[in-house]
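Fold and geometry: a report
This is what each chain is made of:
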Amino acid sequence: MESLIDRITIDPQICNGKPLLRGMRITVKTVLDFLAAGETIENLLKAYPYLQREDIYACIHYASLAVDMDIAIFKISA
């Protein structure tokens, strides 16, 4: 059985090496940005018919793993 994280790929030749879904030209960040803006999973699946529900869950899982790392990113105010 494929794990969700196996759906995330990184290819330096596609989208500047950003994490992608199954090698397609849609980045994890794009999906997460849509979700953060309030888009529903159902609407994302309609807008991108080549995506699968598990792809979106994989993006969420990837984000969860990323924030679990010991690295924090802070915005420095001017």
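Since the structure is predicted, the reported quantities are computational estimates derived from the model, not experimental observations.

**Thoughts on unusual backbone geometry**
One non-glycine residue, Asn-16, adopts positive backbone phi at about 55 degrees. Along the chain, the position of Asn-16 falls in the loop between strand 1 (8–9) and strand 2 (20–21). For Arg-22, which is not a glycine, the phi torsion comes out positive at approximately 45 degrees. Mapped onto the secondary structure, Arg-22 falls in the loop between strand 2 and helix 1 (28–36). What makes Arg-22 partly exposed here is its relative accessible area of 33%.

**Quick notes on the nonpolar core**
Core analysis: the biggest nonpolar cluster contains 13 residues, and Leu-21, Ile-26, Val-31, Leu-51 and Ile-56 have the highest contact counts within it. Elements with a contribution of two residues or more to this core: helix 1, helix 2 (41–47) and helix 3 (53–67). Discounting chain neighbours no more than four positions away, the residues touching Ile-26 are Leu-20, Leu-21, Val-31, Tyr-48, Tyr-50 and Leu-51.

**Section: helix 3**
When the terminal C-alpha atoms of helix 3 are compared, their 22 Å separation across 15 residues agrees well with the 21 Å that a helix rising 1.5 Å per residue should span. By the burial criterion, the buried members of helix 3 are Asp-55, Ile-56, Ala-58 and Cys-59. Buried residues in helix 3, looked at end-on, bunch into an arc of 155 degrees, giving them a common side.

**With respect to the packing of helix 1 against helix 3**
Direction vectors running N to C along helix 1 and helix 3 enclose 95 degrees, while the axes themselves pass 9 Å from each other. By the criterion of interaxial angle, the relationship of helix 1 to helix 3 is roughly perpendicular. Counting all contacts with helix 1, which are made through Val-28, Val-31, Leu-32 and Leu-35, the residues of helix 3 involved are Ile-56, Cys-59, Ile-60, Tyr-62 and Ala-63. A class-by-class count of the residues in the contact of helix 1 with helix 3 yields nine nonpolar, no polar and no charged.

What counts and what doesn't
Residues numbered from 1 in each chain as written. Predicted model: local features only at pLDDT ≥ 70, side-chain atom pairs only at ≥ 80, totals over all residues. Heavy atoms only, no water. Helix = DSSP H or I, 4+ residues; strand = E, 2+ residues; numbered from the N terminus. Buried < 20%, exposed > 50% of the residue type's maximum accessible area, 1.4 Å probe, protein only. Core = buried A, V, L, I, M, F, W, Y, C linked by side-chain atoms within 4.5 Å. Contact = heavy atoms within 4.5 Å. Expected span 1.5 Å × (residues − 1). Arc of directions from axis to C-beta. Axes fitted to C-alpha atoms, helices over the stretch in contact; angles between N-to-C directions. Parallel < 35°, antiparallel > 145°, perpendicular 65-115°, else oblique. Nonpolar A, V, L, I, M, F, W, Y, C, P; charged D, E, K, R; others polar.

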